[in-house]
Amino acid sequence: MNLNDDITTIKGIGDKTAAAFKRIKVATVNDLIHTFPRNYLTYDEAVDIADTRPGERTAVMAVISSYVDTRTVRSLKLTNITVKDSTGTLKITWFNSPFLKNVLHKGDTYVFVGTIKIKNNMRVMDMPEYYRPEVYQGMRRVMQPVYPLTQGLSNKTVMKAIGSVRSLMGQIHDYMPDEIRSKYGLETLSAAYETVHYPENEEALRNAIKRLAFDEFYKFLADMGRLRVENIKQENIHKIVQGKAVAEFVEALPYKLTKGQAEAIDDILKDMGSENVMNRLVQGDVGSGKTVVAEAALFACVRAGWQGTLMVPTEVLAKQHFEELSNTFLPYGIKVECLVGSTSLKEKRRIYENIRHGLTDIVIGTHALIEDKVEYSNLGLVVTDEQHRFGVEQRRKLANKGTFPHVLVMSATPIPRTLAIIMYADLDISVISQLPKGRKPIKNCVVGTGYRQTAHKFIASQVAEGGQAYVICPMVSESDALDVTNVTDYTDTLKQALGGSVRVEMLHGQMKADEKNAIMESFLKGDIDVLVSTTVIEVGINNPNATVMMVENAERFGLAQLHQLRGRVGRGKKQSYCIFIDGKESKESQERLKVLENSNDGFFIANEDLKLRGPGDFFGIRQSGDVLFTLADIYNHADMLKLAQEVWSKYGITLLDGEETGHFTDNSTVL
Ligand code: ADP
Ligand code: MG
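Residues numbered from 1 in each chain as written. Chains lettered and ligands numbered in written order. Predicted model: local features only at pLDDT ≥ 70, side-chain atom pairs only at ≥ 80, totals over all residues. Heavy atoms only, no water.

Participant: I'd love a proper account of the domain arrangement of the protein chain, names of residues and values included.
Facilitator: According to the domain assignment, the protein chain consists of domain 1 (1-43 + 142-171), domain 2 (44-140), domain 3 (174-300 + 407-439 + 634-671) and domain 4 (443-599). The distance between the C-alpha centroids of domain 1 and domain 4 comes to 35 Å. (Domains from an automatic or database assignment.)

Pasting the structure below:
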């Protein structure tokens, strides 16, 4: 066997398993080795059922005291059992695992590992792992990797597959010569891969992750280097000199620009009128008003006679921007279109035609904008919003659509300037550092689960006053199926708690694009009062009438991500509130979440989160929401990003001789 072989050459992997592997983008042995664990678990001694505490991952050794009951509820297949030890009983449920009926039997003893919850005064556990006691004994005190999974692929299957290619890890080529490697204290690539799958201890794992993060950053810098070579000093063939027209456009806005917004627009106008093409990043915290900056740039572009485009990561956001820009530009006779994946074929054809013939001035859309069929008549400006959600390749593809259009990217990721300069080496940076005046600061509170009912009442009272609310639902596991059940259950519970007059709907990532759009549109129109959602609403959505954001199990999110979520409220004139429910209520989680209570500065928050990380937190909670890296995170591995930059500035591309870098060949996921 060798690294480029198809995974079906691995014994025990048939077509069905291979298809499941494809869903997590694993086709070859090499891909398999590059599948990094999301996390590691250590298995502790089993405790008595009476001693278990809700919210904690626990092992209990118990006898199955009921028959294995399988049933179907709302298209979900449920498997229920009751288990007992000498101190108490526990109800266990699995979803979509009907085969368990043939595996588990009344009277058998197993160790069940999962998170304890209390439902109707009973201890329950959903989707626990289960082991024969003697097997469990062998696993204790060993760090077990937890791999990304999908339907039809269990952790056991992934572990087994990786086990059978373990010996190939030694063949991984290390592009970095030994002397350079040891100079910077980095270990070999093959050792790093071996350790990340089979960690001997925490320290070894930490070093392995460092090397792998370094690697991702180094290859990223190589790609950025290429992008820079393509961009730099490109002659500006779309001279845009529209200072006066833009001043009038700004004058007509219903508000006065902040200093940061005005400066960003100045920078952009200067760039677009200069000798070289613009490549600029506008960085500004969530709510700082980046959209209007993009509007001003697009306005200038269209006034100068060129087309402009705005790419965003989700359909919902595309629709919203479309509505807003159509309204803003209506009085100017500027024609705006919206192109997303779910646009009908007929409609798409019409839009393609209009774009090709220059009848459309501005197109807003998702990655549908970079499809080959989209040909512009005279593209002058490409704007990418929430750019961290796009791969380098997507950004580049869009920029290559016309003939050297100006490029403007917008991001709310609050990263330190030193890192921003490395990450966005190909871009000039404008920073919007203040929020618009007159915003009432959001009132925050961090509370325990005991406060939940009060929070629901509070939501009801806000709705009664004409406000709207978001409830971000607990993430219960790594499994999408389970998250969906959770959103569904929670929505039902909330409907009951709030009474019939409050309109509650749900939104989650597994819904079809059309459904999501429809729900989001009704929420924006005010036809839905409370939106129960997973984090799909995280980016960009603007509903100034929403005054409450409630986040369940807030302790499971990165603080920077919570800050982004919080940015969905406090966008209008009314007082807004953010309620973070701490499902763990430990000293650490309280301390972390208090940071949010005390600060509204995304930048400060992300830094504090980093400081408060526990020692067992290997990958950290991904803060940046960045799709560019698999394992590396600019916050968690800032030291490696800096080191990669240092090594890059000394050795550059020569180190990577003949290596694939990845970013220019991928089709990174887009939400
Ligand atoms: P973000 O930077 O998160 O993309 P948006 O562009 O969506 O923020 O702006 C958030 C809200 O603030 C919008 O409702 C927008 O109309 C409003 N807004 C933007 N700039 C100003 C300003 N200078 N004064 C008052 N409100 C503003
Ligand atoms: Mg925005």
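Picking up where we left off.
Participant: Mind laying out unusual backbone geometry, listing which residues take part and the relevant values?
Facilitator: A positive phi angle is found at Met 127, which is not glycine, with a value near 50°. By the element assignment, Met 127 lies in the loop between strand S7 (122-126) and strand S8 (129-131). Despite not being glycine, Asn 553 shows a phi value in the positive range, around 50°. (Helix = DSSP H or I, 4+ residues; strand = E, 2+ residues; numbered from the N terminus.)

Participant: Can you explain the state of the cysteines? Please cite residues and give values.
Facilitator: Under the counting rule described, the total for this entry stands at zero disulfides. Of the cysteine sulfurs around Cys 301, a residue in no disulfide, the closest is that of Cys 338, at 18 Å. The closest cysteine sulfur to the non-disulfide-bonded Cys 473 is located on Cys 578, 15 Å from its own sulfur. (Disulfide = S-S within 2.5 Å.)

Participant: Report on the sheet that holds strand S14 (residues 379-384), specifying residues and quantitative values.
Facilitator: With parallel pairing, seven strands are arranged side by side in an open sheet as S12-S13-S11-S14-S15-S10-S16. Single-partner strands in this sheet number two, and they are strand S12 (336-339) and strand S16 (428-432). Sheet twist, expressed as the average angle between the axes of neighbouring strands with direction ignored, equals 20°. Sheet topology note: the S12/strand S13 (residues 362-365) ladder contains four bridges and is parallel. Along S13, the bridge assignment pairs Cys 338 with Ile 364. (Pairing = 2+ DSSP bridges. Axes fitted to C-alpha atoms, helices over the stretch in contact; angles between N-to-C directions.)

Participant: Residues and numbers for the pattern of salt bridges, please.
Facilitator: Within the structure shown, the criterion is met by 23 salt bridges. Residue Arg 57 pairs with Glu 129 through a salt bridge whose shortest N-O separation is 3.3 Å. One end of the pair, Arg 57, is in strand S2 (residues 57-64); the other, Glu 129, is in strand S8, with 72 residues separating them in the sequence. Looking at Glu 129, the relative accessible area reads 24%, which means it is partly exposed. The closest approach of N and O atoms between Asp 178 and Arg 181, which form a salt bridge, is 3.0 Å. (Salt bridge = Lys/Arg side-chain N within 4 Å of Asp/Glu carboxyl O. Buried < 20%, exposed > 50% of the residue type's maximum accessible area, 1.4 Å probe, protein only.)

Participant: I'd like to hear about the sheet that holds strand S17 (residues 443-448), residue by residue, with values.
Facilitator: One open sheet accounts for six strands, arranged S17-S22-S21-S18-S20-S19; its pairing is parallel. Only two strands of the sheet have a single partner each, and these edge strands are S17 and strand S19 (504-507). For this sheet, the mean inter-axis angle between neighbouring strands, taken without regard to orientation, is 20°. Sheet analysis places S17 next to strand S22 (residues 577-582), joined by six bridges and oriented parallel.

Participant: How would you sum up the site of ligand 1? Please name residues and give values.
Facilitator: Close to ligand 1 lie 16 residues, the nearest being Lys 256, Gly 287, Lys 290, Thr 291 and Arg 439. Taking Gln 261, its side chain carries an N or O atom lying 2.9 Å from a nitrogen atom of ligand 1. Within the contact set of ligand 1, an oxygen atom lies 3.0 Å away from a side-chain nitrogen or oxygen of Arg 571. Surface burial for ligand 1 is 85%, taken as the share of its 570 Å² of free accessible area covered by protein chains. Most atoms of ligand 1, that is more than half of them, are within 2 Å of grid points of the second largest pocket. (Near = heavy atom within 4 Å. Polar contact = N/O pair within 3.5 Å; in protein donor to acceptor, adjacent residues only side chain to side chain. Areas by Shrake-Rupley, 256 points an atom, 1.4 Å probe, with all protein chains shown as cover. 1 Å grid on protein atoms, 1.4 Å probe; cavity = no way out; pocket = protein on both sides within 12 Å on 5 of 7 lines; lining within 4 Å. Sits in = over half its atoms within 2 Å of the grid points.)

Participant: Give me the side chain of Asn 236: which residues, what numbers.
Facilitator: Looking at the secondary structure, you find Asn 236 in the loop between helix H7 (202-231) and helix H8 (243-251). There is a polar contact of 2.8 Å between the side chain of Asn 236 and the backbone nitrogen of His 238.

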